[in-house]
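Observations on chain architecture
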Amino acid sequence: MPTGPNPVAAQLDAYWTAARMTAALPADAAKGSETGPALSPAVDGPRPGEYIPPSRSFDGIPQAGTFFWTDAQGTGRTCSGSVVRGPRRDLVLSAGHCLKGYSGTAPQRRLAFVPQYHDGVKPYGVFPVGAGGVYVPQQYYDLGEHAGAAYDFGFAVTEPNQDGTSLQDAVGGVRLLTGTGYHHAPVRMIGYPAGAEKPLECWSRTTRWVSDDPADPGTFPRIACDAFVGGTSGGPMLVPQLDGWAVIGVIGGYHTGGNTAQVSYSAYFGSATRALYDATITGAPPAGSGGVRG
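All of the points below concern the structure found in this document. Here the structure is a predicted model, which is why all the values come from computation and not from measurement. The residue numbers shown here count from 1 along each chain, following its written sequence. Only residues with pLDDT of at least 70 get local features here, since the model is predicted, and only at 80 or more are side-chain atom pairs given and counted; chain-wide, interface and lining totals rely on the full set of residues. Each side-chain value is worked out from all heavy atoms of the structure, with water and hydrogens disregarded.

Right, let's get into the state of the cysteines. Here, the term disulfide refers to a pair of cysteine sulfur atoms separated by no more than 2.5 Å. According to the stated counting rule, one finds 2 disulfides in the structure shown. In this model, C202 is linked to C225 through a disulfide, with the two sulfur atoms separated by 2.1 Å. Disulfide C202-C225: torsion about the S-S bond near -90°, hence left-handed. In this pair, C202 sits in strand β10 (residues 200-210) while C225 sits in the loop between β11 (219-224) and β12 (236-241), placing the two residues 23 residues apart along the sequence. Each helix is a run of H or I in the DSSP string that is no shorter than four residues. Each strand is a run of E no shorter than two, and both are numbered from the N terminus.

The following block contains the structure:
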């Protein structure tokens with residue numbers, strides 16, 4: 001067994017230290033509970049008196065990163081993702097609303113994933129998303145991003161980087177967990193805000209949120225973390241495991257991730273998530289909307 005320091009254990013120590021510091025905050029019946037006052041569909045953010053854990057800018061981790069796109073007019077950056085373990089060693093998990101516009105064998109914009117991007121540095125290189133390599137549930141295409149919020153997840157199958165190294169061989173990967181419920185603690189959420197040169201991380205916990213908006217039906221993991229704005233969509237919600245990290249959600253789902261910067265959501269990872277993962281690792285043809293985004 002390895003005898004060196006365990007980075008996950010070190011992160012947990014930091015989390016529990018912070019938890020002890022915030023335990024003395026005034027209690028509130030609505031904080032982190034599911035019995036607090038109802039919010040209108042237009043305001044899905046913090047409950048009155050709810051503690052919002054802070055986020056911090058940092059240099060990232062190898063298993064999380066951001067996407068770059070390229071078309072005839074130039075390049076840009078969009079959304080966040082995480083490297084998920086798989087037998088082909090090439091999978092990135094993100095939100096469905098981040099990936100669906102890049103599906104098909106000849107999208108007008110091509111995607112590439114850059115793990116641990118920060119300050120203009122691409123320490124592991126660039127991993128193009130292969131032709132026909134975007135997998136989003138058919139239900140999400142059919143229902144749309146609001147009625148289909150419960151299916152707001154997807155996978156991108158990457159090609160090797162410029163050195164011929166596969167993504168998982170370069171950076172490792174996190175374990176995909178499905179069917180584990182809505183309540184997890186501690187949870188480490190990571191995302192790349194639009195325009196920022198570093199990702200954010202925040203430690204918090206997830207609880208169960210039943211939609212009060214008929215336009216976005218479903219039941220979703222909910223997490224309070226400050227400053228998660230546009231661009232963080234698709235960023236992972238991670239929980240510690242003995243062998244590293246596991247992912248139990250991505251920023252998306254209800255209101256495509258939330259209407260405020262203080263509270264985020266994920267589609268629940270259940271049988272539909274596992275079925276989509278199985279389709280990617282077996283090379284099944286991806287679902288599609290019949291069109292591509294320009």
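Having seen the structure, we can now continue with the description.
Before going further, it helps to spend a moment on the sheet that holds strand β7 (residues 154-158). By this definition, two strands are paired if DSSP reports at least two bridges between them. Taking strand neighbours around the barrel as the criterion, the 6 strands line up as β2-β3-β4-β7-β6-β5 in a closed arrangement whose pairing is antiparallel. Going from strand to strand, the sheet's axes swing by 45° on average, the running direction of each strand aside. One ladder, built from 6 bridges, connects strand β2 (residues 64-71) with strand β5 (residues 110-115); its direction is antiparallel. When the bridges of β5 are listed, T66 appears paired with V114. Packing of helix α5 (residues 271-282) onto the sheet brings it into contact with β3 (74-84), β4 (91-94), β6 (127-135) and β7, and relative to β7 it is tilted by some 15°. Angular values range over 0 to 180 degrees, each being the angle between N-to-C directions of two axes fitted as lines to C-alpha atoms, with helices fitted over their stretch in contact. Note on contacts: a residue pair is in contact if any heavy atoms of the two residues lie within 4.5 Å.

Turning to the environment of L91, a few remarks are in order. Considering the arrangement of structural elements, one finds L91 in strand β4. Three labels apply to residues, based on accessible area from a 1.4 Å probe with only protein chains included: buried if under 20% of the type maximum, exposed if over 50%, partly exposed otherwise in between. By relative accessible area, which is 3% here, L91 ends up buried. For the pair L91 and V157, spaced 66 residues apart in the sequence, the C-alpha separation amounts to 5.0 Å. Excluding its chain neighbours within four sequence positions, the residues that come into contact with L91 are S82, V83, V84, F155, A156, V157, L167, Y277, T280 and I281.

As a further point, take α5. Taking 1.5 Å per residue as the helical rise, α5 with its 12 residues ought to reach 16 Å, and the 16 Å between its terminal C-alpha atoms agrees with that figure. Those residues of α5 lying buried are T273, L276, Y277, A279 and T280. For α5, the angular spread of the buried residues around the axis is 160°, confining them to a single face. Facing away from the buried surface of α5 by more than 90 degrees, the exposed residues are S271 and T282. In this scheme, a helix's expected span is set at 1.5 Å multiplied by one less than its residue total. This arc corresponds to the set of directions leading from the helix axis out to the C-beta atoms.

Moving on to the side chain of S82. Tracing the chain through its elements places S82 in strand β3. When its relative accessible area of 1% is taken as the criterion, S82 is described as buried. With sequence-adjacent residues up to four places away left out, S82 is seen in contact with Q63, A64, L91, V92, L93, F113, V174 and P236.

Among the buried residues, those of types Ala, Val, Leu, Ile, Met, Phe, Trp, Tyr and Cys that are joined through side-chain atoms within 4.5 Å form a nonpolar core. The biggest cluster of nonpolar side chains holds 43 residues, and the ones touching the most others in it are F67, L93, F155, L176 and V247. If you tally residues by element for this core, the top one is β6, at 4 residues. When sequence neighbours within four positions are dropped, the list of residues in contact with V247 reads V84, L93, V174, R175, L176, L177, P236, M237, L238 and F269.

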